[in-house]
Amino acid sequence: MIRFSNVNKRYTGGYDALVGVNFHLAPGEMAFLTGHSGAGKSTLLKLIALLERASRGQVVINGQNLDKVSRRRIPYIRRNIGIIFQDHRLLFDRTVFDNVALPLIISGFSSNEVGRRVRAALDKVNLLRKEKSYPVMLSGGEQQRVGIARAIVNKPPILLADEPTGNLDPELSEEIMKLFEQFNQVGVTVLIASHDLALISQMGHRVLTLTKGKLTQDSGAS
Amino acid sequence: MAKQQREAGRVRDSVSPSDRAIRTRVRTYLLRHAQVFFGSLGRLSKTPFSTFMTTMVIGIALALPAGLHVLLQNVQQLSGGLDSATQISLFLKTDTSEPRTQEIVKRLRKMSEVRQVDYVSRQQALEEFTRLSGFGDALKALDQNPLPSVIVVTPALRHATPDAAERLLARFKLFKEVDLAQLDMQWIQRLYAIMDIVQRGVQILGVILGLGVVLVLGNTIRLAIQNRRDEIIIIKLIGGTDAFIRRPFLYSGFWYGFFGSLIAFLLISLAVNALSEPVAGLALLYRSQFSLSGLNATEVVLLGGTGILLGLLGSWLAVGRHLRDIEPT
Ligand SMILES: Nc1ncnc2c1ncn2[C@@H]1O[C@H](COP(=O)(O)OP(=O)(O)O)[C@@H](O)[C@H]1O
Ligand SMILES: [Mg+2]
């Protein structure tokens, strides 16, 4: 589902954020990406979401070599990837419902379908009662769950999360991770960047460890 | 029976879904466009002051050339009426006999190019001069009437335009009894020439102000894009196409252009309204039927179309230039 072959990423300015990264994540697999701050976790996720392009090597997502994707095609690739950010990235002038509905509106779903899918997604993250609220009225954990609902609302085969629990207390963090597990159980490929080693080891999934841009450890290479 | 119904239902279902799906898609597509269309209007109404200012600037920029065009049209209509005032005066040689003069008058009256012929004899000319000038005594001192007889020819309307009247004049000059032939319309010719220049000026002004409208709108839309930077980034992150992101800004441009032309229309109508009464009063003094006319239907459509087109152009340029710069990281 996600395959990195000898991937290098050098930022303008000459910094090598990723060096010779190789790994393969099978469809339906769930893995954690860990490493110190600055190790290149976010960079790796950005390559998958086409927020950055690899300097060398190949990134293949769902059989599609991202090298070959033109600028115009990027939106359609991104629709198959749910992305969750540490800072949520919600629209603060829109209700929870409208935030979650956005990916569906972009893809041209009918109003009926939008309503049904948004409520299903909000139900999964346990926020059905808050659909009319605005993000500022929600706690950090709730905002994160809105972000998750938005990421999964159009049922993408891949889910990426960059430090999704960074600002949350341990209890809420675990709750969020359990949520990702649930999506994984219905076949979604999940890759989560996190440096919460305690939580990660407790979950017992595959762990990829980056050290200064190099993949130094892979607990379950396939 | 129940089975038949089920079968029928299955057949119906197997035929209609794709059909229904297409119809739903089209309806959804149109609905989304309508939502963005009116949504962008709603967004403009949330900042009433700045929206009003921008629209006003556009309205004035459109009203100036359009208003001058209206003015010019009225002057043209008025000067069209002035053609009937074209007259050619034929001053006859003083030694022309009265019967010969009458012959000439008869001949002129028969010409199809001529609408009216007035003859002023030497005696009449003298009386008129005495009456109007008060120098009658001075003339009496002369032993001979120094004034020539005059034939005043009013050309038929078709021949009253500057060119045709000029041709007529040339023919009259060939009459051997005519001492001097004078066309009484040089000032109309000058008026026409001036109006040609003014018209060109209005066109140039229109182009310049149109460019101004595009720039003002481009800048307004640029600011709107900057204000919605976060939103644009998020939409790009979750797979929004450029077309999707562009749409609300293009529709804003449409609305600015639409309301700008509406304001221009109102300004021109107000001006025509304010002027029509004094103009009608003036026309009455000259016993003229002339009344000031505003924009006709075609011109209103043209004004609206121009405004909307300029609005779309301005926002299209701004969007094309600035949306690319905003990329998520
Ligand atoms: N846009 C960028 N330009 C230059 N250097 C960058 C950019 N983004 C990240 N980096 C550098 O690349 C390295 C890896 O960053 P990042 O992938 O964010 O690490 P992590 O998410 O593991 O903390 C860091 O040293 C960071 O300073
Ligand atoms: Mg990071």
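Residues numbered from 1 in each chain as written. Chains lettered and ligands numbered in written order. Predicted model: local features only at pLDDT ≥ 70, side-chain atom pairs only at ≥ 80, totals over all residues. Heavy atoms only, no water.

Asks: What am I meant to see in the sheet that holds strand β1 (residues 2-10) of chain A here?
Replies: The strands making up a sheet associate through hydrogen bonds between their backbones, and the pairing can be parallel or antiparallel. All names here are of chain A. Taking strand neighbours across the sheet as the criterion, the 4 strands line up as β2-β1-β4-β5 in an open arrangement whose pairing is antiparallel. Edge positions in the sheet fall to β2 (16-25) and β5 (64-65), since each of these pairs with one other strand and no more. Sheet topology note: the β1/β2 ladder contains 6 bridges and is antiparallel. Bridge pairing in β2 places R3 opposite H24. Its contacts with the sheet place helix α1 (residues 41-48) against β1, β2 and β4 (56-61), and it is angled at close to 120° to β1. (Pairing = 2+ DSSP bridges. Helix = DSSP H or I, 4+ residues; strand = E, 2+ residues; numbered from the N terminus. Contact = heavy atoms within 4.5 Å. Axes fitted to C-alpha atoms, helices over the stretch in contact; angles between N-to-C directions.)

Asks: Sorry if this is basic, but what is going on with a nonpolar patch on the surface here?
Replies: All names here are of chain B. The grouping of I60, L64, L68, L71 and L267 at the surface amounts to a nonpolar patch, some 390 Å² of accessible area in total. Ranked by the residues each element gives to the nonpolar patch, the list is headed by helix α2 (residues 48-82), at 4 residues. Topologically, L68 is positioned in helix α2. Residue L68 is classed as partly exposed on the basis of its relative accessible area, which comes to 32%. (Patch = residues over 30% accessible without salt bridge, like charges linked within 9 Å, V, L, I, M, F, W, Y side chains within 5 Å. Areas by Shrake-Rupley, 256 points an atom, 1.4 Å probe, with all protein chains shown as cover. Salt bridge = Lys/Arg side-chain N within 4 Å of Asp/Glu carboxyl O. Buried < 20%, exposed > 50% of the residue type's maximum accessible area, 1.4 Å probe, protein only.)

Asks: Is there a simple way to explain the side chain of T209 of chain A in this structure?
Replies: Residues and elements named next belong to chain A. Its place among the elements puts T209 in strand β9 (residues 206-211). Exposure remark for T209: the relative accessible area of 14% places this residue in the buried category. Setting aside chain neighbours within four positions, we find T209 in contact with T34, K214, L215, T216 and Q217.

Asks: Is there a simple way to think about the pattern of salt bridges in this case?
Replies: Two side chains bearing opposite charge may form a pair once their charged atoms approach each other closely. This structure, assessed with the given rule, holds 22 salt bridges over all chains. A salt bridge links D19 of chain B to R23 of chain B, with the nearest nitrogen and oxygen atoms 3.1 Å apart. A residue pair is termed a helical-turn pair when its members lie 3 or 4 positions apart in one helix, as D19 of chain B and R23 of chain B do in helix α1 (residues 2-46) at 4 residues. Residue classification places R23 of chain B among the exposed residues on the basis of a relative accessible area of 51%. Across the pair K236 of chain B and E327 of chain B runs a salt bridge whose closest N-O atoms are separated by 3.1 Å. Highlighted residues: K236 of chain B in helix α8 (residues 229-237) and E327 of chain B in the segment after α10 (297-322), separated in sequence by 91 residues. Overall, E327 of chain B belongs to the partly exposed group, its relative accessible area being 32%. Through salt bridges with shared partners, one network takes in R71 of chain A together with K236, D242 and E327 of chain B.

Asks: What is the right way to look at the nonpolar core in this model?
Replies: Most often, soluble globular proteins have nonpolar side chains that are buried together. Among the nonpolar cores identified, the biggest contains 73 residues, and I2, F4, L44, I48, L160 and L191 of chain A are the most heavily contacted of them. At 9 residues, the largest contribution of residues to this core is made by helix α9 (residues 242-285) of chain B. Counting residues in hydrophobic clusters, the runner-up holds 37 residues, among them M30, F32, A101 and A149 of chain A. (Core = buried A, V, L, I, M, F, W, Y, C linked by side-chain atoms within 4.5 Å.)

Asks: Got a minute to help me understand the environment of L50 of chain A in this structure?
Replies: All names here are of chain A. Inspection of the secondary structure assignment puts L50 in the loop between α1 and β4. Taking relative accessible area as the criterion, L50 reaches 5% and is therefore assigned buried. Along the chain, L50 and A17 lie 33 residues apart, while their C-alpha atoms are 16 Å from each other. Setting aside chain neighbours within four positions, we find L50 in contact with L66, V69, I74, I77 and R78.

Asks: What is the right way to read the packing of α9 of chain B against α10 of chain B from this model?
Replies: When two helices pack together, you describe them by how their axes are tilted relative to each other and by the distance separating the axes. All names here are of chain B. Two numbers describe how α9 lies on α10: the axes approach to 7 Å, and their chain directions differ by 145°. As for the relative orientation of α9 and α10, their crossing is right-handed in sense. Between α9 and α10, the contacting residues are R246, F249, L250, G253, F254, G257, F258, S261, A264 and F265 on the first element and V300, L303, G304, G307, I308, G311, L312, S315, W316 and V319 on the second. (Left-handed = near helix turned anticlockwise from the far one by under 90°.)

Asks: Explain unusual backbone geometry to me, please; I cannot follow it from the model alone.
Replies: Trans peptide bonds make up most of the peptide bonds, and negative phi angles are found at most residues other than glycine. Residues and elements named next belong to chain A. In this structure, H88 is a non-glycine residue whose phi angle is positive, near 65°. Tracing the sequence through the fold places H88 in the loop between β6 (81-84) and α3 (96-107). Phi at K155 takes a positive value of approximately 50°, unusual for a residue other than glycine. As for its placement among the helices and strands, K155 is situated in the loop between α5 (140-152) and β7 (158-162).

Asks: Before we go on, may I ask you to explain α1 of chain A in this structure?
Replies: Helical periodicity: at 3.6 residues per turn, an α-helix aligns residues three or four positions apart in one direction. Residues and elements named next belong to chain A. Where burial is concerned, most of α1 is hidden: 6 out of the 8 residues are buried. Among the residues of α1, those classed as buried are K41, T43, L44, L45, L47 and I48. After α1 finishes, the residue L50 shows a positive phi value of roughly 60°.

Asks: Which parts of the structure should I look at to understand the interface of chain B and chain A?
Replies: Reports often express the size of an interface as the amount of accessible area lost when the parts come together. Taken residue by residue, the interface counts 22 residues in chain B and 24 residues in chain A. Inspection of the chain B/chain A interface yields 3 salt bridges. E231 of chain B is the salt-bridge partner of R94 of chain A, the closest N and O atoms lying 2.3 Å from each other. If you look at where chain B meets chain A, you find 7 residue pairs in polar contact (both at pLDDT 80 or more). (Polar contact = N/O pair within 3.5 Å; in protein donor to acceptor, adjacent residues only side chain to side chain.)

Asks: Quick question: what am I supposed to make of the domain arrangement of chain B here?
Replies: By domain assignment, chain B separates into domain 1 (35-80 + 191-325) and domain 2 (87-184). Using only C-alpha atoms to locate each centre, domain 1 of chain B and domain 2 of chain B end up separated by 54 Å. (Domains from an automatic or database assignment.)

Asks: What am I meant to see in the site of ligand 1 here?
Replies: All names here are of chain A. Close to ligand 1 lie Y11, Y15, A17, H36, S37, G38, A39, G40, K41, S42 and T43, which account for all nearby residues. Between ligand 1 and the protein, one listed contact pairs an oxygen atom with a backbone N or O atom of A39 at 3.3 Å. Taking S42, its side chain carries an N or O atom lying 2.7 Å from an oxygen atom of ligand 1. When ligand 1 is considered free in solution it has 560 Å² of accessible area, and contact with the protein chains removes 64% of it. For the shell around ligand 1, a count of residues per class yields 4 nonpolar, 6 polar and 1 charged. (Near = heavy atom within 4 Å. Nonpolar A, V, L, I, M, F, W, Y, C, P; charged D, E, K, R; others polar.)

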